[in-house]
Every structure is written in structure tokens, then in C-alpha cells.
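The chain contents come next:
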Amino acid sequence: MRVISGKYKGRILSAPRGEVRPTTDLVKGSLFSVLTSKGLIDGARCLDIFCGTGGLGIEALSRGAESCVFVDKNIDNVKKNIDKIGVENVTLIQRDFRSALKILKDEKFDLIFCDPPYKSGYCEMTVKEVFSTGMLNIGGAIIIEHSSENDLINLPDNCIIDRRVFGISAIEIIIRGGDDESDICGDV
């Protein structure tokens, strides 16, 4: 696992075997190609929930995001990578995602990465909390990685700007449009 592009390009990220399921370089490359083409990275305030090694948030920072908040129950892996690479403008929160989202409910983010354990049901819970608190800025995106074996959430097609499947993994990019919560995605 490595940083694919930008300021930290080529830096190797540490990932302990069996403890985390890091996003592969193929998936990460495809995702960031879409985000870059949509102009969503430069200057973005990011939140990386279930960050594991921090690969998604670090990639965003490498490509020009302004800052990133990393959340996980165990932040040892992401802390090791941040220290090793010398990543700046980060906040680490070691908590369960539900508790962390309550702490962050008044914050605003442009990009939110959500990559929980597959088949845990945490994607749906996270998306509901993000949408109900309005923590995703207008024009911002939530990126959800989940198992390709199940549908994520019953969302209107006009919210999901991109859906990609890579074997057992699926990525969905959802943009918040409009100026009220009903324009995010309706009921989730």
C-alpha cells in the first residue's frame, strides 16, 4: 500500500496483517481520479471515518486537501503512518464512530470517507448521522466503501454521482446539493 499521487507520492503505508482491510491501490486510484475530475479535493476539509491505516485521508492530503480528521477505535496504525510520512494538518480521534460523530456534529467537511468493516451496518448508521447533522458542506461528497454483495442504502440515483465495483468492494460517491437537508439524498 502506498500514496499514489501528490506531495507524498510513492510513500509506503504500513498496514498490519489481519487487523485492517486497506483500500487497494486500484480502488484508491479510481476513486481519486473521479474526485480530482470533479474538483473536490483541492482545499477540502476531510473526515476519514473507520480510517484504519489512514490511506484515504493521507491520499487526499497528498493531493491538496487542507486538513483531515481521522477517526477509529484504534488509531495506532494511522498515527504510525502520519508520523512516518510527516503528514500535517491532521486531528486524530480515538473513539467509536458514533461517539466521534457526536463530538464532530457541529463541524463542516467537504469530503467524508467512510470505510467500515463490511456487512457491519455501520455505513447506513454513519450516512444517517452525517445527513441529519448537516456536517457535509453543500457540494461536498461522502465516499462510501462497502461490500459489493449488498446494496448500501436506498438512495435516489440523482445523489450517487458515481458507483464502482471492484470484486468484493464497491465505492459510492454521494454529493450534497442544494441548501437544505432535503437536497442531500432524501430519506436514507
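Treat the numbers as computed from the prediction; the structure is a model and nothing was measured.

A. Quick peek at the pairing of strand S3 (residues 90-94). In terms of strand pairing, strand S2 (residues 67-72) meets S3 through five bridges, oriented parallel. The residue bridging Cys-68 from the neighbouring strand is Val-90, located in S3.

B. Main features of the pairing of strand S5 (residues 136-147). Counted residue by residue, S5 has nine buried out of twelve residues, so it is predominantly covered. Alignment of strand S4 (residues 109-114) against S5, held across five bridges, turns out to be parallel. Considered in S5, the bridge of Leu-111 is made with Ala-141. At this point the chain moves from S4, through helix H5 (residues 122-133), to the parallel S5, and the crossover so formed is right-handed. As paired strands, S5 and strand S7 (residues 169-175) are joined by seven bridges and run antiparallel to one another. Its bridge partner lying in S7, Ile-143 is registered against Ile-173.

C. The arrangement of the nonpolar core in detail. One finds Leu-31, Leu-35, Leu-111, Phe-113 and Ile-143 to be the most contacted residues of the largest nonpolar core, which totals 32 residues. Broken down by secondary-structure element, the contributors of at least two residues to this core are helix H1 (25-37), helix H2 (55-62), S2, helix H3 (76-85), S4, S5 and S7. The leading source of residues in this core is H1, at five residues. Each residue touching Leu-35, except ones within four places of it in the same chain, is listed here: Leu-40, Ile-41, Leu-111, Phe-113, Ile-143 and Ile-173. In this structure, Val-69, Val-130, Met-135 and Leu-136 belong to the second largest nonpolar core, which totals 22 residues.

D. Seen up close, the packing of H1 against H2. Packing of H1 against H2 leaves a shortest axis separation of 11 Å and a crossing angle of 45°. The angle between H1 and H2 falls in the class oblique. Regarding H1 and H2, the two cross each other, and that crossing is right-handed. Between H1 and H2, the residues in contact are Lys-28, Leu-31 and Phe-32 and Gly-55, Leu-56, Glu-59 and Ala-60, respectively. When the residues that make up the contact of H1 with H2 are grouped by side-chain class, the tally is four nonpolar, one polar and two charged.

Calculation notes
Residues numbered from 1 in each chain as written. Predicted model: local features only at pLDDT ≥ 70, side-chain atom pairs only at ≥ 80, totals over all residues. Heavy atoms only, no water. Pairing = 2+ DSSP bridges. Helix = DSSP H or I, 4+ residues; strand = E, 2+ residues; numbered from the N terminus. Buried < 20%, exposed > 50% of the residue type's maximum accessible area, 1.4 Å probe, protein only. Right-handed = clockwise from strand over helix to strand, strands pointing away. Core = buried A, V, L, I, M, F, W, Y, C linked by side-chain atoms within 4.5 Å. Contact = heavy atoms within 4.5 Å. Axes fitted to C-alpha atoms, helices over the stretch in contact; angles between N-to-C directions. Parallel < 35°, antiparallel > 145°, perpendicular 65-115°, else oblique. Left-handed = near helix turned anticlockwise from the far one by under 90°. Nonpolar A, V, L, I, M, F, W, Y, C, P; charged D, E, K, R; others polar.

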